[in-house]
Amino acid sequence: MVVKMLESIANIKRQYIVDLAAEGKRADGRNFDQYRDIKIIPNYLLKAEGSAYVEIGDTKVIVGVKYDVGTPFPDIPNQGVMTTSAEFAPMASPDFEAGPPGEDAIELARVVDRGIRESNAIDTDKLCIIPGEKVMIVFVDIQILDQDGNLIDACGIAAITALLTAKMRVYDEEGNPTEEFVPLPVNKTPVPCTMAKIGNSIILDPQMDEEMVLDSRITVTTDEEGNVVAMQKGMAGSFKLEEIMEAVAISKREGQKNREKIQKAISESE
């Protein structure tokens, strides 16, 4: 009885959101190409080499950057390494469970990682300490505090902000650590923009209720030069070519706005 009632309520809610989208409207009154309010706090964690706290609406995340010294991969002996992980804390959502990262956490980390990696945001050559022997390994750790939709964009913004604020230790020619620290060599600011397809409508920054009813999802990551550096489709639905081009145009425009917010937040924190 209770289960059937909950299913009925969920179906009514879904139909309400779908009908609104068909009318060109959203439940929270935003335009289809409009983000919720975004809050960015760089250097949020004192113990990390770099960090950022980000809110998009009621979605809240923290990203911390740490580094270690390790051995390079054989095929890139002169380059450091970046690795990204995500943790879905059970306190962030009733749908999150304790334990090893699930498929959603792995996908989230991969999408964020790909945007940074494919844009060559980090000059990994400068992470080399001794070629073939010793390099820096940069860890980007994502923590979800509250989930209300669009984790990808919140985590992508937090990750690149944390990297832009990160410091790394300088090593001498023998590979010994010195007392000097310099900024992590970050040359690009890739920013993801995620859109959901509901019926025939493409909406930016879906909140949780919209994510529950979407047919498909696409994330387009761009850099400051307007290049598309990564693209990821999620869910079972499909996009027409013109819908993909619309998503790219929105990402270029809104991604630049979010880059400006990142730079402003960093500048104000210094």
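Residues numbered from 1 in each chain as written. Predicted model: local features only at pLDDT ≥ 70, side-chain atom pairs only at ≥ 80, totals over all residues. Heavy atoms only, no water.

Peer 1: Give me the lowdown on the overall build of the protein chain, citing residues and values where you can.
Peer 2: Each helix and strand in the protein chain was counted, giving 5 helices and 12 strands. In terms of overall size, the protein chain behaves like a compact globule, its C-alpha atoms giving a radius of gyration of 20 Å where 270 residues would be expected to give roughly 18 Å. Counting only C-alpha atoms and orienting by the principal axes, one finds that the protein chain spans roughly 70 × 40 × 40 Å. Burial analysis of the protein chain (270 residues in total) assigns 48% to the buried set. (Helix = DSSP H or I, 4+ residues; strand = E, 2+ residues; numbered from the N terminus. Rg over C-alpha atoms; globule rule 2.2 N^0.38 Å. Buried < 20%, exposed > 50% of the residue type's maximum accessible area, 1.4 Å probe, protein only.)

Peer 1: Run through the packing of aromatic side chains, naming residues and quoting values.
Peer 2: Using the criterion set out here, one finds 1 aromatic pair in the structure. A cation sits over an aromatic face here: Lys 197 above Phe 239, 5.9 Å from the ring centre. (Phe/Tyr/Trp six-rings, centres within 6.5 Å; stacked < 30°, edge-to-face > 60°. Lys NZ or Arg CZ within 6 Å of the ring centre and 35° of its normal.)

Peer 1: Could you give an account of the confidence of the model for the protein chain, naming the residues involved and the relevant values?
Peer 2: Of all residues in the protein chain, 93% have pLDDT values of 70 or greater, and the mean over the chain is 92. Every residue in residues 1-9 is under pLDDT 50, and counting partners more than four places away or in other chains gives 0 contacts. (pLDDT = per-residue confidence, 0-100. Contact = heavy atoms within 4.5 Å.)

Peer 1: Mind laying out the packing of helix H2 (residues 103-118) against helix H3 (residues 151-165), listing which residues take part and the relevant values?
Peer 2: Between H2 and H3, the shortest axis-to-axis distance is 10 Å and the interhelical angle comes to 45°. Here H2 is positioned oblique relative to H3, judged by the angle of their axes. Note on packing geometry: the crossing formed by H2 with H3 is right-handed. On H3, the residues touching Leu 108, Val 111, Val 112 and Ile 116 of H2 are Leu 151, Ile 152, Cys 155, Gly 156, Ala 159 and Leu 163. Of the residues contributing to the contact of H2 with H3, the split by class is 9 nonpolar, 1 polar and no charged. (Axes fitted to C-alpha atoms, helices over the stretch in contact; angles between N-to-C directions. Parallel < 35°, antiparallel > 145°, perpendicular 65-115°, else oblique. Left-handed = near helix turned anticlockwise from the far one by under 90°. Nonpolar A, V, L, I, M, F, W, Y, C, P; charged D, E, K, R; others polar.)

Peer 1: Outline the nonpolar core, supporting the account with residue identities and numerical values.
Peer 2: With 57 residues, the main nonpolar core has Leu 108, Leu 163 and Leu 184 as its most contacted residues. If you tally residues by element for this core, the top one is H3, at 10 residues. Core analysis: the next-biggest nonpolar cluster, separate from the first, contains 7 residues, Ile 17, Ala 21, Ala 196 and Ile 198 among them. (Core = buried A, V, L, I, M, F, W, Y, C linked by side-chain atoms within 4.5 Å.)

Peer 1: Lay out the pattern of salt bridges with the relevant residues and their values.
Peer 2: Throughout the structure, instances matching the rule amount to 17 salt bridges. Between Arg 30 and Glu 210 there is a salt bridge, and its shortest N-O distance comes to 3.7 Å. Of this pair, Arg 30 sits in the loop between helix H1 (2-22) and strand E1 (38-42) while Glu 210 sits in helix H4 (residues 208-211); the two residues are 180 residues apart in sequence, bridging distant segments of the chain. For Arg 30, a relative accessible area of 8% corresponds to the buried category. With a relative accessible area of 4%, Glu 210 lands in the buried category. A salt bridge links Asp 113 to Arg 117; its shortest N-O distance comes to 2.7 Å. Residue Asp 113 and its partner Arg 117 are both found in helix H2; the two are separated by 4 residues, about one turn of the helix. (Salt bridge = Lys/Arg side-chain N within 4 Å of Asp/Glu carboxyl O.)

Peer 1: Please set out the state of the cysteines residue by residue, giving values where relevant.
Peer 2: By the definition in use, this model includes 0 disulfides. Sulfur of Cys 193: no disulfide; nearest cysteine sulfur belongs to Cys 155 and is 14 Å away. Judged by relative accessible area, Cys 193 falls into the buried class, the value being 0%. (Disulfide = S-S within 2.5 Å.)

Peer 1: Residues and numbers for the side chain of Ser 251, please.
Peer 2: With respect to the element layout, Ser 251 can be found in helix H5 (residues 241-269). Take Ser 251: its relative accessible area is 0%, and that puts it in the buried class. Ser 251 has contacts with Cys 193, Met 195, Val 220, Thr 221, Thr 222 and Gln 256, leaving out every residue within four places of it along the chain.

Peer 1: Lay out the sheet that holds strand E10 (residues 201-204) with the relevant residues and their values.
Peer 2: In space, the 4 strands of this open sheet follow the order E10-E9-E11-E12, with antiparallel pairing throughout. Strands at the two margins of the open sheet, each flanked by one partner only, are E10 and strand E12 (228-234). Between one strand axis and the next, the sheet turns through 20° on average, direction left out of account. Judged from the 4 bridges that link them, strand E9 (residues 191-198) and E10 form a sheet pairing that is antiparallel. Residue pairing in the sheet places Ala 196 in a bridge with Ile 203 of E10. (Pairing = 2+ DSSP bridges.)

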